[in-house]
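Secondary and tertiary structure notes
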Amino acid sequence: MESKRISERIDHIIGIFSKCEEMDHRTGEKKDWDKDIKVLEEIKDILHDYDQQAAQLQAMIQKYEQADRPVRNGDIYTCPECGHRVNPRHTHCHRCGKKLGR
């Protein structure tokens, strides 16, 4: 959600530059907006990478720091993340690392 909003704002700023370019043509003045637009596109890429890293961090926190109960099937307990058999007294799944709780 956040990355879409950031992209929309950067696209909006690029649109403003395009409008300013049009105004330059009307008034006869000439300003080179290409460099400014290129910088904004680089900023957009940086913000996109930042958003992806934030999403990865959130997924890692969910997996390794927020405990979920093992799934009980009769006398067998399995990891809620990967389905591997686990001991319900262990703190983490030995296969995927998911934090386990009670």
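Throughout this document, residue positions are counted from 1 along each chain, in the order its sequence is written. Reporting in this predicted model follows two pLDDT cut-offs: at least 70 for local features of residues, and 80 or more for side-chain atom pairs to be given and counted; totals over whole chains, interfaces and linings ignore these cut-offs and use all residues. Processing note: side-chain calculations cover all non-hydrogen atoms of the structure and skip hydrogens and water entirely.

What follows deals with the overall build of the protein. Summing up its helical and strand segments, the protein has two helices and three strands in all. Its helices and strands in sequence order give the protein the pattern α-α-β-β-β, from N to C terminus. Throughout this description, buried means an accessible area under 20% of the type-specific maximum (1.4 Å probe, protein chains only), exposed means over 50%, and partly exposed covers the range between. Burial statistics for the protein: of 102 residues in total, 19% are counted as buried. Should any heavy atoms of two residues lie within 4.5 Å, those residues are counted as being in contact. Of the contacts formed within the protein by residues at least 6 apart in sequence, a portion of 39% connects residues at least 24 apart. For every accessible area listed, the method is Shrake-Rupley and the probe measures 1.4 Å; residues are considered covered only by the protein chains on display. As displayed, the protein has an accessible area near 8200 Å², and 51% of this comes from carbon and sulfur atoms. Secondary structure elements are taken from DSSP: a helix is a run of H or I of four residues or more, a strand is a run of E of two residues or more, and numbering for both begins at the N terminus.

What follows covers the pattern of salt bridges. Any carboxyl oxygen of Asp or Glu that lies within 4 Å of a side-chain nitrogen of Lys or Arg is treated as forming a salt bridge with it. All chains considered together, the criterion is met by one salt bridge. Asp68 is paired through a salt bridge with Lys98; the nearest N and O atoms lie 3.2 Å apart. Of this pair, Asp68 sits in the loop between helix H2 (34-64) and strand E1 (71-73) while Lys98 sits in the segment after strand E3 (85-86), and the two are 30 residues apart along the sequence. Owing to a relative accessible area of 30%, Asp68 belongs among the partly exposed residues under this scheme. Residue Lys98 is classed as buried on the basis of its relative accessible area of 1%.

On to the sheet that holds strand E2 (residues 76-78). Adjacent strands of a sheet pair through backbone hydrogen bonds, lying either parallel or antiparallel. Strand order across the open sheet formed by three strands is E1-E2-E3, with antiparallel pairing between neighbours. The open sheet has two edge strands with one neighbour each: E1 and E3. In this sheet, E2 lies alongside E1 in antiparallel orientation, the contact comprising three bridges. Note that in E2 the partner of Arg72 across the bridge is Tyr77. Whether two strands pair comes down to DSSP finding at least two bridges between them.

Let us now look at the nonpolar core. To qualify as a nonpolar core, a set must consist of buried Ala, Val, Leu, Ile, Met, Phe, Trp, Tyr and Cys residues joined through side-chain atoms within 4.5 Å. Listed in full, the six residues of the largest apolar core are Ile6, Ile10, Ile14, Phe17, Ile37 and Leu40. Among the secondary structure elements, those contributing two or more residues to this core are helix H1 (2-27) and H2. Sequence-distant contacts of Ile37, that is, excluding residues within four places in its chain, are made with Ile14 and Phe17.

Here the focus is the environment of Phe17. Mapped onto the secondary structure, Phe17 falls in helix H1. Distance in space between the C-alpha atoms of Phe17 and Asp36 is 8.2 Å, their sequence separation being 19 residues.

What follows covers the confidence of the model for the protein. As a per-residue measure, pLDDT tells how confident the predictor is, with possible values from 0 to 100. For the protein, mean pLDDT is 83; residues scoring 70 or higher make up 85% of the total. Within the protein, the element-level pLDDT minimum falls on H1, averaging 72, and the maximum on E2, averaging 97.

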